[in-house]
Amino acid sequence: MKLLRVGSKGKEKPAILDVDGKIRDISSHIKDLNPENLNFETFSKIENFELSKLPELSSNERLGSCITNPGKFVAIGLNYSDHAVEV
């Protein structure tokens, strides 16, 4: 499942990329992809969508960030050679 936000800056619609590579509009089911909406209930809802019946959006439209207002981003990376040696 690949979630997207598509459209001009500040006016993006939530969308999903289907198995055929088509961008499908999910804005009639999900208001936006933000920390308040991204939870297990929303993911369960999305998994039950019949994607082929959702409106297709143009692949020429701008792709925005997939999530609005992320609260915290935690990542682990091998930034230094010492860390690489530890692994």
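Residues numbered from 1 in each chain as written. Predicted model: local features only at pLDDT ≥ 70, side-chain atom pairs only at ≥ 80, totals over all residues. Heavy atoms only, no water.

(A) Fine view of the environment of Ala15. Its location among the elements puts Ala15 in strand 2 (residues 13-17). The exposure class of Ala15 is buried, given its relative accessible area of 0%. As for Ala15 and Gly71, which are separated by 56 residues in sequence, their C-alpha atoms are 21 Å apart. Beyond its immediate chain neighbours, meaning those up to four positions away, Ala15 contacts Lys2, Leu3, Leu4, Val6, Ile23, Arg24, Ile26, Leu33 and Leu57. (Helix = DSSP H or I, 4+ residues; strand = E, 2+ residues; numbered from the N terminus. Buried < 20%, exposed > 50% of the residue type's maximum accessible area, 1.4 Å probe, protein only. Contact = heavy atoms within 4.5 Å.)

(B) Up close: the sheet that holds strand 3 (residues 23-25). The antiparallel open sheet is built from four strands, whose spatial order is 1-2-3-4. The open sheet has two free edges, formed respectively by strand 1 (2-6) and strand 4 (56-57), since each of these has just one partner strand. Across three bridges, strand 2 lies against strand 3 in antiparallel orientation. Across the sheet, the residue bridging to Ala15 is Asp25, located in strand 3. (Pairing = 2+ DSSP bridges.)

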